[in-house]
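Architecture at a glance
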Amino acid sequence: MKKNFILFIVALVIIFGFITALQMVKGVLFFGALVLMHCGVILYIYTKKQFKKAQIDIKKHYTTENILMALYLPVLAAKLLSNFGVISIDNDVKRIIVFCITGVAVVVSFINCVLMYKNVKKRTQISH
């Protein structure tokens with residue numbers, strides 16, 4: 001289970017890193033960041049299935065991360081609407097909002113990972 005826990009952390013770094021990058025880049029870089037973010041999502045789903053297969057209850061930890069990912073949705077929607085000219089959004093304000101969300105996500109994810117590690121360790125005796 002240690003491998004799955006590490007893959008879970010890698011998935012979060014990829015997802016949150018590229019969600020943040022999506023807000024800052026355009027064109028081909030946007031597409032690349034989008035593809036890489038989805039690679040992180042695939043890895044995230046894979047780890048969830050592996051924990052479930054091992055009958056380890058990790059639902060609360062994944063729910064926490066899902067909520068953190070959802071925090072980016074209003075900004076993504078605003079960016080999409082601004083691309084179509086429906087609304088205008090200042091890039092500096094958008095960056096500040098995204099970095100604040102990312103800061104919260106990093107702190108909460110760190111705490112969540114520590115709690116998840118303790119939870120998984122208690123159930124499987126992960127070696128240090």
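Structure: above.
How each quantity is defined
- Residues numbered from 1 in each chain as written.
- Predicted model: local features only at pLDDT ≥ 70, side-chain atom pairs only at ≥ 80, totals over all residues.
- Heavy atoms only, no water.
- Helix = DSSP H or I, 4+ residues; strand = E, 2+ residues; numbered from the N terminus.
- Buried < 20%, exposed > 50% of the residue type's maximum accessible area, 1.4 Å probe, protein only.
- Polar contact = N/O pair within 3.5 Å; in protein donor to acceptor, adjacent residues only side chain to side chain.
- Core = buried A, V, L, I, M, F, W, Y, C linked by side-chain atoms within 4.5 Å.
- Contact = heavy atoms within 4.5 Å.

1. Here we look at the side chain of His61
- By the element assignment, His61 lies in helix 3 (residues 59-70).
- The exposure class of His61 is buried, given its relative accessible area of 3%.
- For His61, the side chain forms a polar contact with the side chain of Asn119, separated by 3.2 Å.

2. Examining the environment of Val13
- Counting through the fold element by element, Val13 comes out in helix 1 (residues 2-22).
- With 98 residues separating them in the primary sequence, Val13 and Ile111 have C-alpha atoms 14 Å apart.

3. A closer look at the nonpolar core
- Counting residues in hydrophobic clusters, the biggest one holds 28 residues, and the most contacted among them are Tyr44, Phe51 and Met116.
- Counting only elements with at least two residues in this core, the list comes to helix 1, helix 2 (27-53), helix 3 and helix 5 (91-124).
- Setting aside its immediate chain neighbours within four residues, Phe51 contacts Met1, Asn4, Phe5, Ile56, Ile58, Tyr62, Met116 and Val120.

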